[in-house]
Structures are given as structure tokens and as C-alpha cells.
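# Architecture at a glance
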Amino acid sequence: MIYSKEVEEMCTVAQGVHHGCAPIPEEAKWVQAKKVEDISGLTHGVGWCAPQQGACKLTLNVKEGIIQEALVETIGCSGMTHSAAMASEILPGLTVMEALNTDLVCDAINTAMRELFLQIVYGRTQSAFSEDGLPIGAGLEDLGKGLRSQVGTMYGTLKKGPRYLEMAEGYVTGIALDADNEIIGYKFVNLGKMTDFIKKGDDPNTAYEKACGQYGRVDDAVKVIDPRKE
């Protein structure tokens, strides 16, 4: 340790009372986090790249400072999907400090890691008040039974109005309109279910029909349009 001449010549003054860092909530315990291994929790963070062309939602499950589980979801940029693939290999096994200072390939994923790190070290995790935290595998619960990201894709213009393209239920195949051309429902196909039916032996047409559904007053519609063609 090197001190300047001015500091060396100073007299010593006691620092006085110091109670340590403020405790943060972690898995139903109050913890004075002093070392990286003091950190535990499951939480989510969202990041974006510099041109803001794409975004990433990152979910980490941290136990005693080590990332045990990572869910990387991206949207808006085709290259980000490959970056996410690499990040899913990189993150498990790292400490949260290592992950913060590791190139996760994509700026959006790096930014998500930064935002998520802040939540974790400030005790703002989703599992802050859950006894023993959440089990490894809890991150997959965000995806539902089909293990697909919850994606909403909508498009609209002033001249032609809105188009629903993708909902949480699935790929939108038709928009139901009333006599005033206002949307009153939509039809969809759940691509995850359709794929599962095909894997179980159904022919594609049967699988498609079984995976279709509708929401709203579709049966009352004056017409149903294809949002990608009409």
C-alpha cells in the first residue's frame, strides 16, 4: 500500500462506531452481504443493445454466490438468439461478480446482467422473502408447459389499423371483426402443442387442428381476416 507524503504526515483519528453494512433480504433471511458467497436469490433483469434494436430478459437463480440456473430470452434481433445460446453455456457456474465482468456476447444480455446484478446485491430478488429460495428449475416456470417464451407481436398503421400477429396463446391465424370492422377476438395455433402432437405421431393437419383455439367473440364475427395477408 502506497500513501502520499501528506497522508503519511497526518495524525490518526479513530473512525468511531461502525455497525457494518445494512442487511438485505435473501430467501427469508436478513443477510449482511460482505462476500460474494453471501448472495442468494432468483430474479429477472431486462437489457437492451446500443441501437435498441433488440432486448433480452435474463433470469438467474443464484445460490451462495454461484449461478445455478440461467434463462436467456431475446427478441428483435436474429443474432441475439445465437448470443443467448452462448450465454446459457457461459453463465451457470460463475459467481455473480464474474458474470458481471464476463462478455456475454451481446450488449443486450450484458446490460440485462448489469440490471439484474443491481437487484441481487440490493436485496430486490423475487425470492427475497421465500424460505430457502426457489428450487433450481424455477426459471423454466416462466415459460409454461410448452417451454416457450411469452411473446406478443402486434403491428398497426394509421391507414389500415392494428394487426395481431402473436399472442401468449400462440401464432395468430385470424382476427375476428364485427360490423364496424373492430376487433372482437382472434384465432390462434399453439405451435408448441402442434409440434408435440406431431412428435407423438399425429399427421401435420390433425396436429394443427388439435392445437388451434380462439379467444373472444369469434363466433359473432362478421368476418375473420388473415393478419398477414389482408
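Residues numbered from 1 in each chain as written. Predicted model: local features only at pLDDT ≥ 70, side-chain atom pairs only at ≥ 80, totals over all residues. Heavy atoms only, no water.

When helices and strands are tallied, the protein shows 6 helices and 11 strands. By principal-axis analysis of the C-alpha atoms, the protein measures approximately 90 × 45 × 30 Å. With 230 residues in all, the protein has 35% of them scored as buried. Approximately 14,600 Å² of the protein is accessible, and the part contributed by carbon and sulfur atoms is 54%. Computed over 22 positive and 32 negative side-chain charges, the separation of the two mean positions in the protein equals 7 Å. (Helix = DSSP H or I, 4+ residues; strand = E, 2+ residues; numbered from the N terminus. Buried < 20%, exposed > 50% of the residue type's maximum accessible area, 1.4 Å probe, protein only. Areas by Shrake-Rupley, 256 points an atom, 1.4 Å probe, with all protein chains shown as cover. Lys, Arg positive; Asp, Glu negative; His and termini not counted. Charge placed at Lys NZ, Arg CZ, Asp CG, Glu CD.)

Attention now goes to the nonpolar core. Among soluble globular proteins, nonpolar side chains are generally buried collectively. Cys56, Leu58, Leu60, Val72, Leu91, Ile109 and Met113 are the most contacted members of the largest nonpolar core, which totals 25 residues. If you list the elements that add at least two residues to this core, you get β4 (55-63), β5 (66-75), α2 (78-90), α3 (96-100) and α4 (107-121). With 7 residues, the top contributor of residues to this core is α4. Those residues in contact with leucine 91 that sit more than four places away from it in its chain are Leu58, Leu60, Ile67, Ala70, Val72, Ala99, Leu104 and Met113. (Core = buried A, V, L, I, M, F, W, Y, C linked by side-chain atoms within 4.5 Å. Contact = heavy atoms within 4.5 Å.)

With that settled, the discussion passes to the packing of aromatic side chains. Per the stated rule, a full pass over the model turns up 4 aromatic pairs. Relative to phenylalanine 129, the ring of tryptophan 30 lies with its centre 6.3 Å away and its plane at 70 degrees, an arrangement referred to as edge-to-face. Pair noted here: tryptophan 30 is in strand β2 (residues 29-31) and phenylalanine 129 is in the loop between α4 and β6 (153-157), with a separation of 99 residues, a long-range link. What makes phenylalanine 129 exposed here is its relative accessible area of 63%. (Phe/Tyr/Trp six-rings, centres within 6.5 Å; stacked < 30°, edge-to-face > 60°.)

This part covers a nonpolar patch on the surface. A cluster of nonpolar side chains, Met1, Tyr3, Val7 and Met10, forms an exposed patch at the surface whose accessible area comes to about 520 Å². By the secondary structure assignment, methionine 10 is in the loop between α1 (5-8) and β1 (24-26). (Patch = residues over 30% accessible without salt bridge, like charges linked within 9 Å, V, L, I, M, F, W, Y side chains within 5 Å. Salt bridge = Lys/Arg side-chain N within 4 Å of Asp/Glu carboxyl O.)

Purely geometric stuff here, so don't read any function into it on its own.
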